[in-house]
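Per-entry structural report
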Amino acid sequence: FYACMRRSLIFVLILFSITLGTRLAYVWNTPHLDYDAYFQLRLIEHVAQTGLPLRFDPLSFGGHLLLLPPLFYYITALPFALFKSEFLIVALSQIFISLLTIVVFLTVKSLTSRDDAALLSSALASFVPVLFSKTIFSVSPLTVALPIVFLAIFTFIHCSSKKFLFGFISLL
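Throughout what follows, the structure given in this document is the object of discussion. (Residues numbered from 1 in each chain as written. Predicted model: local features only at pLDDT ≥ 70, side-chain atom pairs only at ≥ 80, totals over all residues. Heavy atoms only, no water.)

**Some words on the pattern of salt bridges**
Operational definition: A side-chain nitrogen of Lys or Arg and a carboxyl oxygen of Asp or Glu constitute a salt bridge if their distance falls within 4 Å. Helical segments are the DSSP runs of H or I of at least four residues, strand segments are the runs of E of at least two, and each set is numbered from the N terminus. Exposure classes here rest on a 1.4 Å probe applied to the protein chains alone. A residue is buried below 20% of its type maximum, exposed above 50%, and partly exposed in between.
Under the counting rule described, the total for this entry stands at 3 salt bridges. Its salt-bridge partner being Asp57, residue Arg42 comes within 2.7 Å of it at the nearest N-O pair. Residue Arg42 is located in helix α2 (residues 35–50), and its partner Asp57 is located in strand β1 (residues 56–57); the two are separated by 15 residues in the primary sequence. A relative accessible area of 26% places Arg42 in the partly exposed class. The closest approach of N and O atoms between Asp115 and Lys109, which form a salt bridge, is 2.7 Å.

**Considerations on the environment of Pro69**
Mapped onto the secondary structure, Pro69 falls in the loop between β2 (64–65) and α3 (71–83). By relative accessible area, Pro69 is classed as exposed at 59%. It is 8.5 Å that separates the C-alpha atoms of Pro69 and Pro141, two residues lying 72 residues apart in sequence.

**Description of the packing of aromatic side chains**
For the record, the criterion: Aromatic pairing here means that ring centres of Phe, Tyr or Trp (its six-membered ring) are within 6.5 Å. Orientation follows from the plane angle: under 30 degrees is stacked, over 60 is edge-to-face, and everything else is tilted.
Overall, the coordinates contain 4 aromatic pairs when judged by the stated rule. Here the aromatic rings of Tyr26 and Phe132 are separated by 5.9 Å at their centres, their planes lie at 75°, and the arrangement is edge-to-face. With Tyr26 in helix α1 (residues 2–28) and Phe132 in helix α7 (residues 129–135), this pair connects stretches of sequence that are 106 residues apart. Since its relative accessible area comes to 45%, Tyr26 is described here as partly exposed. Taking relative accessible area as the criterion, Phe132 reaches 16% and is therefore assigned buried. Cluster of aromatic residues (ring-pair linked, three or more members): Tyr26, Phe127 and Phe132.

**Thoughts on unusual backbone geometry**
Positioned with a positive phi, Lys84 is a non-glycine residue whose angle comes to about 55°. Residue placement: Lys84 occurs in the loop between α3 and α4 (86–98). Owing to a relative accessible area of 55%, Lys84 belongs among the exposed residues under this scheme. One non-glycine residue, Ser113, lies in the positive phi region at around 60°. By relative accessible area, Ser113 is classed as exposed at 57%.

**A short note on the environment of Ser93**
The cut-off we apply is this: The contact criterion used throughout is that any non-hydrogen atoms of two residues lie within 4.5 Å.
With respect to the helices, strands and loops of the structure, Ser93 is situated in helix α4. Discounting residues that sit within four places of it in the chain, Ser93 has contacts with Ser138, Val139, Ser140 and Thr143.

**A look at a nonpolar patch on the surface**
So the rule is basically this: Patch rule: a residue counts if its relative accessible area is over 30% and it has no salt bridge; like charges are joined within 9 Å, and nonpolar side chains (Val, Leu, Ile, Met, Phe, Trp, Tyr) within 5 Å. Accessibility throughout is a Shrake-Rupley quantity obtained with a 1.4 Å probe, and a residue counts as covered only by protein chains that appear here.
Taken together, the side chains of Ile10, Phe11, Ile14, Ile18 and Phe127 make up a nonpolar region of the molecular surface, amounting to roughly 450 Å² of accessible area. Here Ile10 shows up in helix α1. Ile10 sits in the partly exposed class, given a relative accessible area of 45%.

Structure below.
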């Protein structure tokens, strides 16, 4: 049992490394980001400077009220405040979405108790074309939201245990 679990854990870590390496290779070899990424970087920079998310955007046509969940901006504002690197924020975003492979593996493994199904679904979740194209050259709150949603599903499955119950409540 433990040898099989160890082998599947090694495969998941290899899959995570391949996913992250592929994403970072694409980002490093592209000189520009997606159009929406610069808006997100401006919001992250505002949080890093003021400590508060931007609520009104004066740069849009006539101003625009922004109602955005601030978790992503707070998570990424700290490294931006320390290093002032846009590439670090993009790389951090790619790390977050690459964590989806591990979280999907854990979720499917707990649902099916089969390593092969969990590995296949983890591999499929790693390279979904729509997700890949929407998050590869972007800095998006989606990169944090998707792993958190799957982690919430995983903790909900194990709610009978107190430590997972507290984890589920904290993820909500």
